[in-house]
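So the chains spell out like this:
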Amino acid sequence: MHVLILGGDGYLGWPSAMYFSQKGYNVTVVDNYFRRNSCLELDVTMLYTVPTLVERAAIWHELTGREIKVVIGDLTDPEFMRSFFTGSITYDWSVDTGFSGIPDTVVHYAEQPSAPYSLFNYKYANTTLTNNLLVTNNVMFAVRDYTPDVHIIKLGTMGEYGTPDIDIEEGWLDIEHKGRKDTFLFPRQASSIYHTSKIMDTDLLWFGVRMWGLRVTDLMQGPVYGMETEESHIDERLRTIFNYDEIFGTIVNRFIVQAIVGYPLTVYGRGGQTRGYLNINDTLQCVGLAAENPPEKGDLKIYNQIMETFSVNQLAEMTQRVGRSLGYDVQIENIENPRQEAEEHYYNPTYQGLLDLGVKPHFLTDESLERMFRVVEQHKDAIRQETIFRGVKW
Ligand SMILES: NC(=O)c1ccc[n+]([C@@H]2O[C@H](COP(=O)([O-])OP(=O)(O)OC[C@H]3O[C@@H](n4cnc5c(N)ncnc54)[C@H](O)[C@@H]3O)[C@@H](O)[C@H]2O)c1
């Protein structure tokens, strides 16, 4: 099996590449450093320096003997995207371990993944829409035109559903209307331009499934936390990127950094905003199991990729408790909410599908939080407090 990872330099892309490689898959990664360049442009810094994608692949090969082929380039360019499916791609880094050619599975992570980035200004809103939709459209057409059996695994987000006042089903909703019944995509209602782009991605691929019988899995993922995976334990240089700023840092990662530098945990408004979360190791399990269980041709499988739900207040209290037990003076501050969102709401999502496939959840516990504190502590001196909060308004 050959898996092509679009966005292989990213927070989830690189750990996924090592995970598949360790399991014996042939792996190719592609990235244009959009995420790293955006951090530079916005003057936010990652917690620690991460080697380039080529350097990481070389370290991985040196330590494990396994190969992850690397291609650097922009997937909004349709010809570049198509070259992966015609077999005409030129690798920027590879060793000859005997694999090349067309993928069996594509994992599509290559998007602008931040809600605040997408509402920073009209220019970044444009970037988010064009980047995310073009990459999705390009992969869909390349697969349709050259390799229609290839399984596309696309990362969606639980944010596509918003916070409806009814239970959130796993992708689909049975509707009875005037005595007739049909099944539709569960209603989507985004709360940012980024989330809107993810809804449009889902719609694009659902169109491709209906029109051309493509095979697609859409993973509706919640915010991910953590930085250590089994493979990163081999060598610290293999650890994934870690942002702690408001633009690219996810909430648990940010709160730990704030706790360590004595920056009050920034709870937006009343803090009752509830979402589903998962450990980065569970993202790997979920994507791995999705790859092993492709849908039939002409089928769009949708899974809600979360392992448990928390309100912002619960996350802040947990971080405070663990931080205090480690000797940090952790304060919580309810600040004016820069976002347009419900601060108290009903939230009851279903998330059984991936558990049924065999995912064994890593729950968020005091112990797992403490392990993250221990890693962040090592880089305490590099933390730039002024980049933690930007107050990007909706
Ligand atoms: N991290 C989370 O908590 C989370 C939660 C839900 C959904 N997701 C989704 O998962 C996916 C991956 O998220 P992530 O956190 O790893 O983000 P990330 O920004 O770390 O990774 C995305 C990678 O794609 C690359 N990329 C973007 N546009 C590209 C292009 N045009 N050509 C080539 N490469 C390009 C970026 O440089 C980056 O390395 C995204 O689709 C995101 O929407 C993430």
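Residues numbered from 1 in each chain as written. Predicted model: local features only at pLDDT ≥ 70, side-chain atom pairs only at ≥ 80, totals over all residues. Heavy atoms only, no water.

(A) Molecular detail of the overall build of the chain. The helix and strand tally for the chain stands at 12 helices and 14 strands. The C-alpha radius of gyration of the chain comes to 20 Å, within 12% of the 21 Å expected for a compact globule of 394 residues. In terms of principal-axis extent, the alpha carbons of the chain reach across some 65 × 55 × 40 Å. For the chain, the residues scored as buried account for 58% of the 394 residues in total. Put simply, 80% of the contacts in the chain that link residues at least 6 apart link residues at least 24 apart. For the chain, the computed accessible surface area is about 15900 Å², with 48% contributed by carbon and sulfur atoms. For the chain, the centre of its 34 positive side-chain charges and the centre of its 53 negative side-chain charges are spaced 2 Å apart. (Helix = DSSP H or I, 4+ residues; strand = E, 2+ residues; numbered from the N terminus. Rg over C-alpha atoms; globule rule 2.2 N^0.38 Å. Buried < 20%, exposed > 50% of the residue type's maximum accessible area, 1.4 Å probe, protein only. Contact = heavy atoms within 4.5 Å. Areas by Shrake-Rupley, 256 points an atom, 1.4 Å probe, with all protein chains shown as cover. Lys, Arg positive; Asp, Glu negative; His and termini not counted. Charge placed at Lys NZ, Arg CZ, Asp CG, Glu CD.)

(B) Structural view of the sheet that holds strand 4 (residues 105–108). Strand order in this open sheet of 7 strands is 3-2-1-4-5-8-12, and the pairing throughout is parallel. On the outer flanks of this sheet lie strand 3 (68–72) and strand 12 (299–305), each paired with one strand and no other. On average, adjacent strands in this sheet sit at an angle of 20° to one another, irrespective of strand direction. Two strands pair when backbone bridges link them, and strand 4 and strand 5 (residues 151–157) are joined in this way by 4 bridges, in the parallel orientation. Paired with V106 across the strands is I152, a residue of strand 5. Strands strand 2 (26–31) and strand 3 of the sheet are contacted by helix 3 (residues 53–64), whose axis makes an angle of about 170° with strand 3. Against the sheet, helix 7 (residues 193–212) touches strand 5, strand 8 (215–221) and strand 12, its axis set at about 150° to strand 5. (Pairing = 2+ DSSP bridges. Axes fitted to C-alpha atoms, helices over the stretch in contact; angles between N-to-C directions.)

(C) Spatial organisation of the layout of surface pockets. Counted as a void, the second largest pocket has a volume near 480 Å³. Of all the elements in the fold, those that place two or more residues in the lining of the second largest pocket are helix 1 (13–22), helix 9 (280–292) and helix 12 (366–377). Among the residues making up the lining of the second largest pocket, the classes are represented as 9 nonpolar, 9 polar and 4 charged. (1 Å grid on protein atoms, 1.4 Å probe; cavity = no way out; pocket = protein on both sides within 12 Å on 5 of 7 lines; lining within 4 Å. Points joined across faces, edges and corners; volume = space filled by probe spheres on them. Nonpolar A, V, L, I, M, F, W, Y, C, P; charged D, E, K, R; others polar.)

(D) Spatial organisation of the environment of W172. Inspection of the secondary structure puts W172 in strand 6 (residues 172–177). The class of W172 is partly exposed, set by a relative accessible area of 23%. The spacing of W172 and T183 is 11 residues in sequence and 6.5 Å in space, taken between C-alpha atoms.

(E) A look at the side chain of D282. Relative to the elements of secondary structure, D282 occurs in helix 9. With no salt bridge to any partner, buried D282 finds its closest opposite charge in K360, at an N-O distance of 10 Å. Those residues in contact with D282 that sit more than four places away from it in its chain are M307, K360, P361 and H362. (Salt bridge = Lys/Arg side-chain N within 4 Å of Asp/Glu carboxyl O.)

(F) Summary view of helix 6 (residues 122–146). For helix 6, spanning 25 residues, the distance from its first C-alpha to its last is 36 Å, which sits close to the expected 36 Å at 1.5 Å a residue. Among the residues of helix 6, the N-terminal cap falls to N121, whose side-chain oxygen and the backbone nitrogen of K123 are separated by 3.0 Å. (Expected span 1.5 Å × (residues − 1). Polar contact = N/O pair within 3.5 Å; in protein donor to acceptor, adjacent residues only side chain to side chain.)

(G) Spotlight on the pairing of strand 1 (residues 2–6). Of all 5 residues that make up strand 1, 5 are buried, and the element is covered over most of its length. Side chains of strand 1 alternate between two faces, with H2, L4 and L6 and V3 and I5 buried alike. Pairing of strand 1 with strand 2, which is carried by 5 bridges, proceeds in the parallel orientation. Looking at strand 2, one finds that L4 is bridged to T28. Remark: the strand 1/helix 1/strand 2 crossover connection has right-handed handedness. Taken together, the 4 bridges between strand 1 and strand 4 define a ladder with parallel strand orientation. Among the inter-strand pairings, L6 is bridged to a residue of strand 4, identified as H108. (Right-handed = clockwise from strand over helix to strand, strands pointing away.)

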